[in-house]
Protein chains: 2
Amino acid sequence: MREIGLDELKHLARGAAILGTGGGGDPYIGRLVAEQALREYGPVLAAELHEVPDDALVAGIGMIGAPTVMIEKLPAGEEAVTAFLTLQREIGRPITHVLPIEVGGMNSLAPFPVAASLGLPVLDADCMGRAFPMVQMVVCTLDGVLARPLAIADEKGNSIVLDVRDNHWAERLARSATIGMGCTALMSSFPMSGKQARDITIPGTLTLASRLGRLVEEVRRRHVDPCQAIAEFLGGRVLFTGKVVDVVRANDPGFAKGEAWLEGFAAHDGANCRLAFQNEHLVASCDGKVVASVPDLICVLDATGEPVPAERLRYGQRVTVVGAPCHPRWRTPEGLALVGPSAFGYSHAYTPLGA
Amino acid sequence: MREIGLDELKHLARGAAILGTGGGGDPYIGRLVAEQALREYGPVLAAELHEVPDDALVAGIGMIGAPTVMIEKLPAGEEAVTAFLTLQREIGRPITHVLPIEVGGMNSLAPFPVAASLGLPVLDADCMGRAFPMVQMVVCTLDGVLARPLAIADEKGNSIVLDVRDNHWAERLARSATIGMGCTALMSSFPMSGKQARDITIPGTLTLASRLGRLVEEVRRRHVDPCQAIAEFLGGRVLFTGKVVDVVRANDPGFAKGEAWLEGFAAHDGANCRLAFQNEHLVASCDGKVVASVPDLICVLDATGEPVPAERLRYGQRVTVVGAPCHPRWRTPEGLALVGPSAFGYSHAYTPLGA
C-alpha cells in the first residue's frame, strides 16, 4: 500500500479528468473536497488489488447526476460518507475497502473523504477504466456483480437505499431519485468481496491517473506539446484542433446532454468537428464522419493539456480533441452491447481507435 | 376489535372511493387485491384507536403515484407487504398495527394484504379523513410525525428506502422514485407509537366508509336518490348534475392531473361546472365561481351513487357532484397552509362548505 497525500491529489484530479473523457465530475471541485478531507484526517492509503484479502468487503463510491448542476450546487462534502455508511448499515457488515466506481476528476477523488475519515484504504482500481454516464455501465454488470443495495445521499441530509432487480433498474431508479435530489448526489454501491474486486475491476487506474496528471506538468516544463504527449501516453492520437463555435446542452433527464461544434484552425485540421456528450463525450465526428466513438476515450484539452469537462465547454475556447483506446473488456461483444454506440441510441458501427 | 371479511370489503371499497374525492385509487382494483388476501388468509381484525396500546408500533400503508397508470399497470399484490417488511427491517422492531395513510377506494384497502398475511390488525383510522395527492398532506405533518423512514415497492420486485429531512422532502423524493418505477407503487411509512396514533390520526374512517358504502345499497332498494342520500350522510350538498363534455389530463409529474368540464341538464343546475383534479378533485367551479375547494370533499358520483374516480371520467358520463365538509383539522390555519387552495397553487380564498 502506498500513501496518497495532498501533493499527489492535483495530479490525480487532472489525470482522472482527462481519463474521464469530459465527464466524471469537475476536477477542481473533486480536489477541493478531497483536500479538505486529507487536511483534516491525513493521507489515504491506496491498496493494489493483489494486496486485498479474498474476504475483504469492497464498496464503490461515485457521483451521480448532471455535472453541469454540480458546478453551482456544490457538494457539502459529507455526502459520500453518508452514502457509504448508509450502505454499510444496510449490508450489516463493516466495509473494508473503498473503490472509485469510475475514473473522473470528481469520481476518482470521491472515495477520499470516506477513506480519510473512516481510516480505510482506497483501491487503486475502478469499474470502468474511464467514466460512463450510467450506473449499469460497469464491468460489474458483465460479471454479475449487482448494484444492490445502492445508497444515495444529497447535500441536504437526505439519503435513499435502493434494492433493485438488476443494474439497469439501479440506473433507472437511482436516476429518478437523483433528479428529485436536484440532479446531483453521491452514491455508494457494488458491494463485492476482495476476490471479486481482484477478478473484475480494472487495476491501477488511480496510479495511471496520477502519472498522466504529472506528465502534463513535466512536458509543459520541457516545452513539448502536452496534447500530443497525452495522446501518446494513452496510445491514442490527436483527432482535431479548433475553436468551440457553439454548444447546446440540457439537463435531460438527470444528465448533462448536449453537443459542441468546433471549427478547425488550419486546413489539415479538417473544417469542423462535432462532439456529442451525455456527461461524457460519446461521439466525435469530423466533417460528418465518426472519428471516435464510445467506448473509446474522447478527451478534450486546452492548449496546456488541461482537461476541459463537457459542462465547461463554451464558445470561443481553443481545444484539442484526443481519441484513445478503451479498456479491452469494452471491445468484446458483451462490452459493446453495454457501453457501445447502440447503448446510447446510435446506429453507427464501432471502429476501434488505433486498430 | 371487529372482523372485516369479504362481505364488508365491497361496501368499504365503495364508501372509501366516495370519501377519496376522485382519488385514492380505483375501488375495483383495491377490492380485488384485498379480496385475494382475505380468501387466502381469512378475515382481518380492525382495531379502534382506544384498543391500541401506548407502546404499539403503528405504520401506514398507501399507494403513491398516478391512479391513471394503475388502471393499466396493475399491482402484483405483494407490493404493500414488501414495502411494509422493508420499513420494518429498516426500523428494526416488529410493527404491530397497520394504518391506512388515507381513505380511498384503493388506499383504505391497501393495508389488508399486509394485515391478512402477517396476522396484524388494521387501525380503524387514517391520516387525512379523505385522500390527498401528496405525501406530506397528512395530519402527521401538523403534529411532527415524520415519513421517516419511508419504504416504496413496485410490482417488479424493486424496493427503495428513503431517509429524509422532512415530509415535504419525503414527497419530493418518493415522487421521483415512483416516477422511476413507472408512476405507481406502494409505500409504507409514518411509523408512530400507539399513543401517537391515538392522539393524531382521524378515528373511525374504515367504519365510516363501510357505512357509507352500505347506505348506497340501502337507498337504491328504497328508490331514494343515492347522491342526495350521500350528500346528507356527509353533511354536504349536491353541487351540480350534468354530463361530462370534455376531459384533459396528463401524468405530470407522477400525478393524474387534469380538468373535466360538465354541462348541466336543466336551468337550475347551472350552465356548466369545471372540476380541477390532481389525483383528487381539488376545485369545483360552477359558472365561473368556485363552489367547493380543497380541503373540502368533492365527490363525483353516477346516478346510482357509485363513485367515479377522476381517472375514469370520460366524455358522455352523467354525473352528480357532491361537496362535503372536510375534517375540522384541515380548516385550521396550519391545516389550510398544508392542504388548502394555496398548497396547490390556487389564489382563491377557502370558503368552508356548509358554513
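1. A short note on the domain arrangement of chain A
Where the parts come together, the accessible area they lose is often given as the size of the interface.
Residue and element names in this part refer to chain A.
Right, so step 1: For chain A, the domain assignment lists domain 1 (2-205) and domain 2 (225-344).
Right, so step 2: With centres defined by C-alpha atoms, the gap from domain 1 to domain 2 works out at 24 Å.
Right, so step 3: Taken residue by residue, the interface counts 39 residues in domain 1 and 36 residues in domain 2.
Right, so step 4: Across the interface of domain 1 and domain 2, roughly 3000 Å² is buried in total on both sides, 66% from carbon and sulfur atoms.
Right, so step 5: Joining domain 1 to domain 2, the criterion identifies 3 salt bridges.
Right, so step 6: Residues D143 and R329 are paired through a salt bridge, measuring 2.9 Å at the closest nitrogen-oxygen approach.
Right, so step 7: There are 12 residue pairs in polar contact (both at pLDDT 80 or more) connecting domain 1 and domain 2.
Right, so step 8: Listing elements by their share of the side of domain 1 that touches domain 2, those giving two or more residues are helix 1 (6-19), helix 3 (67-70), helix 6 (139-142) and helix 7 (167-180).
Right, so step 9: For the side of domain 1 that touches domain 2, the class distribution of residues is 21 nonpolar, 11 polar and 7 charged.

2. So, the pairing of strand 17 (residues 318-324) of chain B
All names here are of chain B.
Right, so step 1: With 6 of 7 residues buried, strand 17 is to be regarded as a mostly interior element.
Right, so step 2: Relative to strand 17, strand 11 (residues 237-251) runs antiparallel, the two sharing 6 bridges. Directly across from V238, in strand 17, lies its bridge partner V322.
Right, so step 3: Bridge count between strand 16 (residues 297-301) and strand 17: 5 bridges; the pairing is antiparallel. By the bridge assignment, C299 is partnered in strand 17 with V322.

3. A closer look at the relation of the copies chain A and chain B
Superposition of the two copies of the chain requires a rotation about an axis and a shift along the axis.
Right, so step 1: Laying chain A over chain B is done by rotating through 180 degrees and shifting 0.0 Å along the axis; what remains is an RMSD of 0.0 Å. As the rotation angle and translation indicate, the two copies are arranged about a two-fold axis.
Right, so step 2: The share of interface residues of chain A whose copies in chain B are also at the interface is 100%, consistent with both copies meeting through the same surface.

4. What about helix 5 (residues 111-118) of chain A?
Residue and element names in this part refer to chain A.
Right, so step 1: For helix 5, the tally of buried residues reaches 6 of 8 residues, placing the bulk of the element in the interior.
Right, so step 2: Those residues of helix 5 not exposed but buried are P111, F112, P113, V114, A115 and A116.
Right, so step 3: Of the residues trailing helix 5, G119 is marked for its positive phi of about 70 degrees.

5. A look at the pattern of salt bridges
All names here are of chain A.
Right, so step 1: Under the counting rule described, the total for this entry stands at 38 salt bridges over all chains.
Right, so step 2: Among the salt bridges present, the one from D199 reaches K195, with a minimum N-O distance of 2.7 Å. With D199 and K195 both in helix 8 (residues 194-200) and 4 residues apart, this pair spans about one turn of that helix.
Right, so step 3: On the accessibility criterion, D199 (53% relative accessible area) is exposed.
Right, so step 4: Between E306 and R220 there is a salt bridge whose closest N-O contact spans 2.4 Å. Here E306, found in the loop between strand 16 (297-301) and strand 17 (318-324), pairs with R220, found in helix 9 (residues 205-221); they are 86 residues apart in sequence, far enough to count as distant.
Right, so step 5: You can call E306 partly exposed: its relative accessible area is 27%.
Right, so step 6: Since its relative accessible area comes to 29%, R220 is described here as partly exposed.

Criteria and cut-off values
- Residues numbered from 1 in each chain as written.
- Chains lettered and ligands numbered in written order.
- Predicted model: local features only at pLDDT ≥ 70, side-chain atom pairs only at ≥ 80, totals over all residues.
- Heavy atoms only, no water.
- Domains from an automatic or database assignment.
- Contact = heavy atoms within 4.5 Å.
- Buried area = accessible area lost by both parts, 1.4 Å probe.
- Salt bridge = Lys/Arg side-chain N within 4 Å of Asp/Glu carboxyl O.
- Polar contact = N/O pair within 3.5 Å; in protein donor to acceptor, adjacent residues only side chain to side chain.
- Helix = DSSP H or I, 4+ residues; strand = E, 2+ residues; numbered from the N terminus.
- Nonpolar A, V, L, I, M, F, W, Y, C, P; charged D, E, K, R; others polar.
- Buried < 20%, exposed > 50% of the residue type's maximum accessible area, 1.4 Å probe, protein only.
- Pairing = 2+ DSSP bridges.
- Least-squares fit on C-alpha atoms with pLDDT ≥ 70 in both.

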